[in-house]
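A closer look at the structure
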Amino acid sequence: MEMAEIEIHEYENTIEDHGTREDGAGCYVPGAERTEAMFILTIRTRDGTEGHYRGVMFPNVQLAQIRMWAEELIGRDPLAREDIWMDFWRRGRHTDRIGIGPIDVALWDLAGRHYGAPLYELLGGGKRDRIPAYASTLPGNPEHDTPEVFADHAEVCAERGYPGYKLHPLGDPDLDIEVCRAVDERVGDELDLMLDPSSTYTTYHDALRVGRVLDELDFYWYEDPMWETGESTYAMRRLADDLDTPLLGIEHSRTEPFGSVNHLFDDALDMLRVDAHLGGGISGALKTAHAAQAAGFDVEPHLGGAAHLHLLSAVPNSNYYEHGLLHPHTEWHSEAGLAEPVDEIDDDGHVPVPDGDGLGIDIDWDFVEANQTDRTLVE
């Protein structure tokens, strides 16, 4: 079997009541509209077998790398995923390698369709067919999102059945502390609570004092607080030593899988992020997960999507599916471009793993073509 075509459909999706803060973070803005760029990557073999990936994060950067490598895929065996992964990891050593993930996921989807099996079977999973999900919030807008707004929302999510609730920041340590206290007071006895400052704290002192509040409140994890994305193993090791709350990272560093594993073995992290979208695809996530498992530690997938549901079905040292980004009045990372949603939660806060071939997703080509902005075909 040989790859014959690489096709990219670029399209747009508009989100209502959504804008940006001064620091660029997406947030709730009443009456605003935000248009996000998205894409579908399709890898097609000479016999017509296809694999797809739907991109929603940093498409311009990902597509630049995919286009750079697309011609090199033509004629290669799509089932030789490890060889392809290693080749592009080496070729991308001067860049951030962010284009590997979409290619790798599309190849795994193609393999599942070729073998007539869902992806979790190829990964050796299937014992877990429903994954517990935490409600992951949209970053806060200080003009509208008071501690009471988050506490009310957390209460609604608890009633909806979510077992966990993760706060993204308002961008200020003092405000984040107020929100964490309000949410804990309202639902701390019912839900696992997490805080993800998203690398916004500019001093070690701020990261430490927020973390000590999380220790007091018994938060489930503390994620990527440091402004330099956590790449300083010295600073992260000091933070992990000084706090009781498990430290999760490093989402914003494009060194996966090796950088995050190095942090773990240097005692600079307690839990590892894996990311099939931005961090080397399913193949890269598996490398991280297996290394962490051998050391007795957990991994947590960043963002949702079908690829991560299949991964969670197969990886025993993981806990939660990230469902979001949620807000009482808007949301981000919609499933625009998919024929059917893949991450709808059930009454007890779990998301079923798709059971169709490959990723188990179908593309809504009518929506994609109606909102298309560009198309690329490499053959």
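Values in this document were obtained by computation on a predicted structure and should not be read as measured data.

Scoring rules and cut-offs
- Residues numbered from 1 in each chain as written.
- Predicted model: local features only at pLDDT ≥ 70, side-chain atom pairs only at ≥ 80, totals over all residues.
- Heavy atoms only, no water.
- Salt bridge = Lys/Arg side-chain N within 4 Å of Asp/Glu carboxyl O.
- Helix = DSSP H or I, 4+ residues; strand = E, 2+ residues; numbered from the N terminus.
- Buried < 20%, exposed > 50% of the residue type's maximum accessible area, 1.4 Å probe, protein only.
- Arc of directions from axis to C-beta.
- Contact = heavy atoms within 4.5 Å.
- Pairing = 2+ DSSP bridges.
- Axes fitted to C-alpha atoms, helices over the stretch in contact; angles between N-to-C directions.
- Core = buried A, V, L, I, M, F, W, Y, C linked by side-chain atoms within 4.5 Å.
- 1 Å grid on protein atoms, 1.4 Å probe; cavity = no way out; pocket = protein on both sides within 12 Å on 5 of 7 lines; lining within 4 Å.
- Points joined across faces, edges and corners; volume = space filled by probe spheres on them.
- Nonpolar A, V, L, I, M, F, W, Y, C, P; charged D, E, K, R; others polar.
- Phe/Tyr/Trp six-rings, centres within 6.5 Å; stacked < 30°, edge-to-face > 60°.
- Lys NZ or Arg CZ within 6 Å of the ring centre and 35° of its normal.
- Left-handed = near helix turned anticlockwise from the far one by under 90°.

On to the pattern of salt bridges. This model, assessed by the stated rule, comprises 23 salt bridges. Ionic pairing is found between Arg209 and Asp206, a salt bridge with its closest N-O pair at 3.0 Å. Highlighted residues: Arg209 and Asp206, both in helix 7 (residues 204-217), separated by three residues, approximately one helical turn. Judged by its relative accessible area of 26%, Arg209 falls in the partly exposed class. A salt bridge links Glu322 to Arg273, with the nearest nitrogen and oxygen atoms 3.8 Å apart.

To continue, consider unusual backbone geometry. Here the residue pair Gly249 and Ile250 is connected by a cis peptide bond, since its omega of -5 degrees sits within 30 degrees of zero. Mapped onto the fold, Ile250 is located in the loop between strand 8 (247-249) and helix 9 (258-265). Look at the link from Gly324 to Leu325: it is a cis peptide, with omega at 10 degrees. With respect to the helices, strands and loops of the structure, Leu325 is situated in strand 11 (residues 321-326).

With that out of the way, let us pick up helix 2 (residues 81-91). Those residues of helix 2 lying buried are Arg81, Ile84, Trp85, Phe88 and Trp89. Along the axis of helix 2, the buried residues cluster in a sector spanning 130 degrees; they form a single face. On its buried side, helix 2 packs onto strand 1 (3-20), helix 1 (59-73), helix 3 (100-115), helix 9 and helix 10 (281-295).

The next subject is the sheet that holds strand 1. Overall, antiparallel pairing links the four strands, which are arranged 3-2-1-13 in an open sheet. Of all strands in the sheet, those bounded by a partner on one side alone are strand 3 (50-55) and strand 13 (372-378). The sheet shows a mean angle of 15 degrees between the axes of neighbouring strands, taken without regard to direction. Relative to strand 2 (residues 26-45), strand 1 runs antiparallel, the two sharing 16 bridges. In the sheet register, Tyr11 faces strand 2, and the bridge partner there is Met38. Running over the sheet, helix 1 touches strand 1, strand 2 and strand 13 and is turned about 175 degrees from strand 1.

Right, let's talk about the nonpolar core for a bit. Grouped together as the largest cluster of nonpolar side chains are 103 residues, with contacts concentrated most on Leu41, Ile103, Tyr165, Val183, Leu195, Tyr222 and Ile282. Counting residues per element, this core draws most heavily on helix 3, which supplies seven residues. Ignoring anything within four residues of it in the chain, the contact list for Leu195 reads Lys166, Leu167, Cys180, Tyr201, Val210, Leu214, Phe219, Trp221, Tyr222 and Glu223. By size, the runner-up hydrophobic cluster in this structure holds six residues, among which are Tyr134, Met194, Trp221 and Tyr320.

We now examine empty space enclosed by the protein. This structure, assessed with the given rule, holds two cavities of 30 Å³ or more. Taken as a whole, the largest cavity encloses approximately 310 Å³ of empty space. If you trace the largest cavity, you find 21 residues lining it, with Arg54, His277, Gly304, Gly305 and Ala306 closest to the centre. The set of elements that each furnish at least two residues to the lining of the largest cavity consists of strand 3, helix 11 (306-314) and strand 11. Residues belonging to the lining of the largest cavity are distributed by class as follows: eleven nonpolar, six polar and four charged. The calculated volume of the second largest cavity comes to roughly 40 Å³. Residue lining of the second largest cavity: Trp89, Asp96, Arg97, Arg254, Glu256, Leu278, Gly279 and Gly280, and that is the complete set.

The next subject is the packing of aromatic side chains. Applying the stated criterion across every chain yields a total of nine aromatic pairs. Seen from their ring centres, Tyr220 and Trp221 are 5.7 Å apart, and the 50 degrees between their planes marks the pair as tilted. Judged by relative accessible area, which is 27%, Tyr220 ranks as partly exposed. Through a chain of ring-to-ring contacts, three or more aromatic side chains come together here, namely Tyr134, Tyr220, Trp221 and Tyr320. The aromatic ring of Trp89 is capped on one face by Arg97, whose charged end is 3.9 Å from the ring centroid.

Next up on the list: the packing of helix 5 (residues 147-160) against helix 6 (residues 173-187). Following both chains from N to C, one finds helix 5 and helix 6 inclined at 35 degrees, their axes separated by 8 Å at the closest point. Note that helix 5 runs across helix 6; the crossing there is right-handed. The residues of helix 6 that touch helix 5, namely those facing Pro147, Glu148, Phe150, Ala151, Asp152, Ala154, Glu155 and Ala158, are Glu178, Val179, Ala182, Val183, Arg186 and Val187. Considering only residue class, the contact of helix 5 with helix 6 consists of nine nonpolar, no polar and five charged.

On to the environment of Val213. Here Val213 lies in helix 7. Put simply, Val213 and Glu178 are 35 residues apart on the chain and 9.9 Å apart in space, counted from C-alpha to C-alpha. For Val213, the residues in contact, after removing those within four places along its chain, are Ile177 and Arg181.

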